[in-house]
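# Geometric and topological summary
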Amino acid sequence: MTLLPRNSTPLERNLEKTSLRFSHDALIPSLWNGSTCPKPLLPWLAWAVSVDDWDSIWSEERKREAINEALTIHEHKGTPSAIKRILAMHGHADATYIERTGYFRYDGKAKFNGHHSYGGRTMWATFKLILNRPISIANARALQSAIEGVRRNCCHLVKIDYREAAWRYDGTIKFNGTYTYGVVNL
């Protein structure tokens, strides 16, 4: 039995035969769920739910997590919450997010200890991140790209700082341009 009209093309009839092999009641809901979608279809599901930050070299678990988090991130886009979710997805859930980095009151509370820069960008709509472990320059650029997709257009990421957890000088890390000494200025 067919539901197609008599003037349907051979391609349409073949598509109907192919689609009858699947149980639509079980197949369709699993395709729209990041946890149950078949692995080969994950890139298309990511595109459909608008995952902004997608990398084909990620593990399957990370891809599924990005798909499942996409709706929540889009609901909170433009808020610090979305930036914190992106940080968590990149493995920095314990990072510190500091807003208004270009705004200082001269009331004696600001310490002149090198953590602040004066001049240049002194806008109120700036923020910086302080990570609890080092990050390579390539990873910092990937993190910056992901944050660019969820931040408000008026807010600017000015610094990724990890001076509190800098690399040890034990010969395992070579300073060949892959890593910095603690700050990635953007």
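Residues numbered from 1 in each chain as written. Predicted model: local features only at pLDDT ≥ 70, side-chain atom pairs only at ≥ 80, totals over all residues. Heavy atoms only, no water.

Applying the stated criterion to the full structure yields one cavity of 30 Å³ or more. What the largest cavity holds in volume is close to 110 Å³. Together, 13 residues line the largest cavity, and V51, D52, D53, I73 and I86 are the ones closest to its centre. If you list the elements that add at least two residues to the lining of the largest cavity, you get α4 (60-75) and α5 (80-89). Tallied by class, the residues present in the lining of the largest cavity amount to eight nonpolar, two polar and three charged. (1 Å grid on protein atoms, 1.4 Å probe; cavity = no way out; pocket = protein on both sides within 12 Å on 5 of 7 lines; lining within 4 Å. Points joined across faces, edges and corners; volume = space filled by probe spheres on them. Helix = DSSP H or I, 4+ residues; strand = E, 2+ residues; numbered from the N terminus. Nonpolar A, V, L, I, M, F, W, Y, C, P; charged D, E, K, R; others polar.)

Bringing the state of the cysteines into the picture now. Under the counting rule described, the total for this entry stands at zero disulfides. Here C155 is not cross-linked by a disulfide; its sulfur's nearest cysteine counterpart is in C154, at 4.0 Å. When its relative accessible area of 8% is taken as the criterion, C155 is described as buried. (Disulfide = S-S within 2.5 Å. Buried < 20%, exposed > 50% of the residue type's maximum accessible area, 1.4 Å probe, protein only.)

This next bit is on the environment of R62. Within the element layout of this structure, R62 appears in helix α4. Put simply, R62 and H90 are 28 residues apart on the chain and 9.3 Å apart in space, counted from C-alpha to C-alpha. If we ignore the near neighbours within four places in the chain, the residues touching R62 are M89 and H90. (Contact = heavy atoms within 4.5 Å.)

The tendency in soluble globular proteins is for nonpolar side chains to be buried as a group. Of all hydrophobic cores here, the largest spans 31 residues; its most connected members are I83, L87, F127, L129, L143, I147 and I160. At the level of secondary structure, the elements contributing two or more residues to this core comprise α3 (42-48), α4, α5, β2 (126-130), α6 (137-148) and β3 (156-161). Considering every element that reaches this core, the biggest residue donor is α5, with five residues. Leave out the neighbours within four places in its chain, and I83 touches Y97, F127, L129, I147, V150 and R151. (Core = buried A, V, L, I, M, F, W, Y, C linked by side-chain atoms within 4.5 Å.)

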